[in-house]
Amino acid sequence: MSKGAEQLAMLDQDSPDPLWRQAADLIMHQISTGKLANGGRLPAERDLLTQLSISRVTLRRALQSLVEDGVLTASHGRGWYIAGDVPKEFPNTLESFSETAARLGLVPSSDVLRAEAAQATLDEAEELSIAPGSTLFHLDRIRRLDDVPVAVDNSFFPVALKPDLEGVDFRTASLFQLLLSSGVDLARGETTIEAHAADAELAGHLGIDVGKPILVMRQNIVDTAGRPLLCSTVQYVGDRYRLRTSFSRSRKGSAR
C-alpha cells in the first residue's frame, strides 16, 4: 500500500455524513496539510479502496466532488492528480486560529492593532447579554499564516472572564488557549458568513486591492448553557480561505 493511502483515517460508519463526503474530506485534509503534495498523483484507487473500506462507486463520487471543487484533475488511464494551487482549508469545527495553523502545518502570527479594555456599548452589551457599560476586552489583530496576512480579526469579551491579560504578547499568544486555561467553557460558535468588498483600511492591512472580495465571518461563541462569551468579526481574503461544511436531512417524518 502506498504511503499516502496509509496516512488516511478510517471512515465513521455511524456519522450522519455520507461516506463519499467523509472520504472527500479526508483526502482534502491530506492535501491541505501537505501530506499529499500539490501537483502530485493520488494513491492508486485500489489502495484507497482498501484503506477506506468503501465501494468503488463511493470512492469515485468522492473523487469527482473534488474535481468539481477544483482540487483534483482526472487523467484517463493515469489516475487522479492534485491541482497545483489548492487553498488552505479551514474547519467546520470550533478551533482557534493557532490550532487551525498547526493542523495545516503552518506558523501562525499576528500584528496587534488593538488590545485594551473599554466599556461595552449598547450593541456590544446586547450581543453578550450583559449590562451596558460593563468592561470588555477588545483585541484586534491581523492574522498571518507563514507570515502571509489572511484575515483581520476583531474580538471582544467581558474582562471578568480573563482579568489578567496585561503583558500578554498577542502577536503569538492564542486567545482561545488563554480563556480555556482559565476554565472558560468555549462550547459552540454561532456563525454567519457573507461576502463583501475590501475597503481602503482593510485592503491596507491585508495587502490587497481595494474592492477585492472578502469573506466576513461573524461569530458569537457560547458555553454549553448557551450563554454568550466572546464575539468576533473575522474578515478573510476571499482567495486565501475555504470553509467546508455539510448538511444532513432530518430523519423526522417523511417527504410527501
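Structural notes, computed from the coordinates. Numbers given to residues run from 1 along each chain, matching the order in which its sequence is written. pLDDT decides what is reported in this predicted model: residues at 70 or higher carry local features, side-chain atom pairs at 80 or more are listed and counted, and totals for whole chains, interfaces and linings draw on all residues regardless. The side-chain quantities take in all heavy atoms of the structure and omit both hydrogens and water.

1. Side note on the overall build of the protein
Runs of H or I in DSSP of at least four residues are treated as helices and runs of E of at least two as strands, each being numbered from the N terminus. On a plain count of helices and strands, the protein comes out with eight helices and 10 strands. Each residue is placed in one exposure class: buried if its accessible area under a 1.4 Å probe, protein chains only, is under 20% of its type's maximum, exposed if it is over 50%, and partly exposed if it falls in between. By the burial criterion, 43% of the 256 residues in the protein qualify as buried. Excluding contacts between residues fewer than 6 apart, the proportion of contacts in the protein whose partners are at least 24 apart in sequence is 58%. Only carbon and sulfur atoms are counted for the fraction: they give 49% of the accessible area of the protein, which is about 13,900 Å². We call two residues in contact whenever any of their non-hydrogen atoms come within 4.5 Å of each other. Computed with a 1.4 Å probe, the accessible areas rest on the Shrake-Rupley method; for each residue, only the protein chains presented here act as cover.

2. Comments concerning unusual backbone geometry
Phi at Ser53 takes a positive value of approximately 55°, unusual for a residue other than glycine. In this structure, Ser53 sits in the loop between helix H3 (45–52) and helix H4 (56–68). For Ser53, a relative accessible area of 45% gives the class partly exposed. With a phi close to 55°, Ser129 is a non-glycine residue in the positive phi region.

3. Structural notes on the sheet that holds strand S5 (residues 135–145)
Pairing between two strands is assigned when DSSP locates at least 2 bridges connecting them. Strand order across the open sheet formed by six strands is S4-S5-S6-S9-S8-S7, with antiparallel pairing between neighbours. Each of the sheet's edge strands pairs with one partner strand only, and the pair in question is strand S4 (108–119) and strand S7 (188–197). On average, each strand axis in the sheet is tilted by 15° relative to the strand beside it, whichever way the strands run. Pairing of S7 with strand S8 (residues 213–222) involves 10 bridges; the strand directions are antiparallel. Within S8, the position partnered with Gly189 by the bridge is Ile221. Think of each axis as a best-fit line through the C-alpha atoms, taken over the contacting stretch in the case of a helix, with angles from 0 to 180 degrees between the N-to-C directions.

4. Observations regarding the pattern of salt bridges
When a carboxyl oxygen of Asp or Glu is within 4 Å of a side-chain nitrogen of Lys or Arg, the pair counts as a salt bridge. With the rule as written, the count across this model stands at 13 salt bridges. A salt bridge links Arg56 to Glu45, with the nearest nitrogen and oxygen atoms 2.8 Å apart. With a gap of 11 residues between them, Arg56 in helix H4 and Glu45 in helix H3 connect regions that are remote in the sequence. Judged by relative accessible area, Glu45 falls into the buried class, the value being 14%. The residue Glu190 makes a salt bridge to Arg188 at a minimum N-O spacing of 3.0 Å. A single salt-bridge network, built from bridges that share partners, covers Glu45, Arg56 and Arg60.

5. Looking at the nonpolar core
Leu42 and Leu72 are the most contacted members of the largest nonpolar core, which has 22 residues in total. For this core, the secondary structure elements donating two or more residues are helix H2 (19–32), H3, H4 and strand S2 (79–82). The element contributing the most residues to this core is H2, with seven residues. For Leu72, the contacting residues outside a window of four places in its chain are Ile31, Leu42, Leu63, Leu66, Val67, Tyr81, Ile82 and Ala83. The next biggest cluster of nonpolar side chains, apart from the first, holds 17 residues, and it includes Leu161, Leu165, Phe170 and Leu229. We define a nonpolar core as any set of buried Ala, Val, Leu, Ile, Met, Phe, Trp, Tyr and Cys residues linked to one another through side-chain atoms lying within 4.5 Å.

6. Comments concerning the packing of aromatic side chains
Aromatic pairing here means that ring centres of Phe, Tyr or Trp (its six-membered ring) are within 6.5 Å. Orientation follows from the plane angle: under 30 degrees is stacked, over 60 is edge-to-face, and everything else is tilted. By the definition in use, this model includes two aromatic pairs. When the centroid spacing of 5.7 Å and the interplanar angle of 45° are considered together, the rings of Phe137 and Phe157 count as tilted. You can see Phe137 sitting in strand S5 and its partner Phe157 sitting in strand S6 (residues 148–158), a full 20 residues away along the chain. In this structure, Phe137 and Phe157 share a single accessibility class: buried. Seen in terms of ring centroids, Phe137 and Phe170 are 6.0 Å apart; in terms of plane orientation they differ by 40°. Their pairing is tilted. Note that Phe137 is positioned in strand S5 and Phe170 in the loop between S6 and helix H7 (175–181), a separation of 33 residues in sequence. For the residue pair Phe137 and Phe170, the accessibility class agrees, reading buried in each case.

7. Brief notes about helix H5 (residues 97–104)
Taken residue by residue, H5 has Phe97, Thr100, Ala101 and Leu104 as its buried positions. Buried residues of H5 fall within an arc of 100° about the axis and therefore sit on the same side. Gly105 sits one or two positions beyond H5 and adopts a positive phi of about 75°. Think of it as the arc spanned by the lines of direction from the helix axis to the C-beta atoms.

These figures come from the coordinates and say nothing about function on their own.
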